[in-house]
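Letter by letter, the chains look like this.
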Amino acid sequence: MKLRFAPSPTGLIHVGNARQAIANALYARRHGGTFQLRIDDTDRERSRDEYVDALHTDLAWLGITWDETFRQSDRLDRYAAAIETLKASGRLYPCFESEQELASKREARIRMRKPPIYDRAMLRMTAEQRAQAEANGKVPYWRFRLSDQDRGVDDMVMGRSQVKLQSISDPVLVRADGTVLYTLASVVDDMETGVTHVLRGEDHLTNTGVQIDIAEALGGKVGQFAFAHLPLLLDEAGGKLSKRFDGLSIRALRQDGIDPVAIVSYLARLGSADDPAPLSFDDLAASYDVRRVSRSAARFDMRQLLALNRRVMHQMPFGAIRDRLPEGATEAFWMAVRGNVDMVSELRHWWDVVGGVIVPPVQDDEGAYLLQALALLPPEPWDAQTWKDWTTAVRDATGRSGKSVFHPLRVALTGEEEGPEMRDLLPLMGHDRVAERLRIAAR
Ligand SMILES: Nc1ncnc2c1ncn2[C@@H]1O[C@H](COP(=O)(O)OP(=O)(O)OP(=O)(O)O)[C@@H](O)[C@H]1O
């Protein structure tokens, strides 16, 4: 069994692309198959080496590894050989119509209430007519003559469908400049490199019948590939994702401090019958079933991802995050704050709270209370019991109770209404810092 993820290096991969990469990698792992990374860079104008590098970095960061990889631009000779085969069997035929001519033909067919597909006029062209066109300086592009049969596709997500090839235009597979189109290159690669399962976005669904037809024309077997088309992922507003706007790129999420385990766990189960849970790649693979993916479009929801990220961080041992913590941060700090952050980037703030400078807000009418609390602050050494001892003394001295004891102190010491346990934060802050903040907040 072999699966492949085949992105074009035309921008930074987004969560929709990553969803496909993850689905393929999980399926391959679950069934002991090979996972191939194919770089679809035949579009020389839009493809960039820097995006190939970025793709490698982003996949590696997500923890997705591949067993083999290649670039389509290194296999142009293989596509040329396939083109010759199809020409020799008469399945590829030269065409000379311009865009304008095709557009007016289409309009005429619509007026005649015929389906606006290509009329195969060039199939009927004689050798003399062709010679004449070439003598006039015209260079042909090449269409693939689709067979007349219907093609049945059993899709693991979309179910069974019947593609009527007669209602599709013969696709152009070779441009006038000799370059090959994706539709052909993809089939040649899948056949020659032994791909068995094609998991990809729904945007490729309409290609499937055509690709099966091309594969057969190149000597492939019917049913050679198993297909699964996953619905496209939409952004929160229901819009399309694009590699050209990088808001939901893997890179941007990484820079925001989201953990890769949360991203992979979220995308693996988004839009499926299984609830997202923070799991390792192997655990996700063990239960991965593409048939449980829903047919309807899924929406990316940042709140769900953050909730999952919070769960991932809550379970994370110090050793796994040490490198991403602010410099000097200790294990005690991490254990105190890890249940209270959605993202790594929020840690900076809590590090300033315990070890740096914050400006606590002035609290109206609480000045006298805060100074009373300051006077009762016990001497160091402090431990997890100190907060309880201190606030009990404050409560007894002031006659306050409940939230009115704790809340002004928390706000004065952290600048926040809520957060990690004060019991854990207090020893990390230390006496002098606490005293200083109480003084400032009491002004
Ligand atoms: N929004 C999306 N949701 C899920 N999968 C997607 C989405 N967009 C693209 N894909 C899938 O990502 C894989 C990689 O495709 P590709 O690199 O062509 O992506 P693309 O975003 O459509 O890029 P481009 O705009 O450059 O064509 C394909 O399987 C494609 O179906």
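As the structure is a prediction and not an experimental result, all values here were calculated from the model.

Cut-offs applied
- Residues numbered from 1 in each chain as written.
- Predicted model: local features only at pLDDT ≥ 70, side-chain atom pairs only at ≥ 80, totals over all residues.
- UniProt positions renumbered as here; feature names shortened; annotations may be inferred.
- Helix = DSSP H or I, 4+ residues; strand = E, 2+ residues; numbered from the N terminus.
- Axes fitted to C-alpha atoms, helices over the stretch in contact; angles between N-to-C directions.
- Parallel < 35°, antiparallel > 145°, perpendicular 65-115°, else oblique.
- Left-handed = near helix turned anticlockwise from the far one by under 90°.
- Contact = placed C-beta atoms within 7 Å.
- Nonpolar A, V, L, I, M, F, W, Y, C, P; charged D, E, K, R; others polar.
- Near = placed C-beta within 6 Å.
- Buried ≥ 20, exposed ≤ 12 C-beta atoms within 10 Å, placed from the backbone.
- Domains from an automatic or database assignment.
- Core = buried A, V, L, I, M, F, W, Y, C linked by C-beta atoms within 7 Å.

Turning our eyes to something else, we now look at the UniProt feature "short sequence motif: 'HIGH' region" in the protein chain. Using the residue numbers shown here, the UniProt feature "short sequence motif: 'HIGH' region" corresponds to residues 7-17. Here residues 7-17 runs as 27% helix and 0% strand, with 8 Å between its end C-alpha atoms.

So, on to the packing of helix H15 (residues 367-375) against helix H16 (residues 386-398). Running from N to C, H15 and H16 cross one another at 125°; their axes reach a closest spacing of 9 Å. The orientation of H15 relative to H16 falls into the category oblique. Where H15 crosses over H16, the two elements pack in a sense that is right-handed. Residues Tyr369, Gln372 and Ala373 of H15 lie in contact with H16, whose contacting residues are Val394, Ala397 and Thr398. In the contact of H15 with H16, the residues fall into four nonpolar, two polar and no charged.

This part covers the site of the ligand. Near the ligand you find 15 residues, and of these Pro7, Gly16, Arg200, Gly201 and Leu233 are the closest. Of all the elements in the fold, those that place two or more residues in the shell around the ligand are helix H1 (15-30) and strand S9 (197-201). Looking at the shell around the ligand element by element, the count peaks at four residues for H1. Residues that form the shell around the ligand fall into these classes: four nonpolar, seven polar and four charged.

This part is about the UniProt feature "binding site: ATP" in the protein chain. Per the UniProt record, "binding site: ATP" is annotated on Lys243. By the secondary structure assignment, lysine 243 is in the loop between strand S11 (233-234) and helix H8 (250-255). Other than its neighbours up to four places away in sequence, lysine 243 contacts Thr10, Gly11, Leu12, Ile13 and His14.

By the burial criterion, the buried members of helix H18 (residues 422-429) are Leu425, Leu426, Pro427 and Leu428. In this fold, the buried residues of H18 make contact with helix H13 (331-337), helix H14 (347-355), H16, helix H17 (403-414) and helix H19 (431-441). Phi for glycine 430, located one or two positions after H18, is positive at around 85°.

Considered domain by domain, the protein chain is made up of domain 1 (1-85 + 150-162 + 180-315), domain 2 (86-149 + 163-174) and domain 3 (321-443). Distance between the C-alpha centres of domain 1 and domain 3: 47 Å. Each partner contributes to the interface: domain 1 provides eight residues, whereas domain 3 provides seven residues. Tallied by class, residues from the side of domain 1 that touches domain 3 come to three nonpolar, three polar and two charged.

Judged by nonpolar contacts, the single largest core of 73 residues is most densely connected at Ala18, Ile22, Leu26, Ala262, Ile263, Val264 and Leu267. Examining the composition of this core, we find that nine residues originate from one element, H1, more than from any other. Residue-level mapping places this core at the junction of two domains, with at least three residues from each of domain 1 (1-85 + 150-162 + 180-315) and domain 3 (321-443). Those residues in contact with leucine 267 that lie beyond four places of it in its chain are Val15, Ala18, Arg19 and Ile22. In this structure, Tyr79, Leu173, Leu184 and Ala185 belong to the second largest nonpolar core, which totals 19 residues.

For helix H9 (residues 260-269), the buried fraction is high: nine of the 10 residues fall into the buried class. By the burial criterion, the buried members of H9 are Val261, Ala262, Ile263, Val264, Ser265, Tyr266, Leu267, Ala268 and Arg269. Looking one or two residues beyond H9, the residue adopting positive phi is glycine 271, at roughly 65°.

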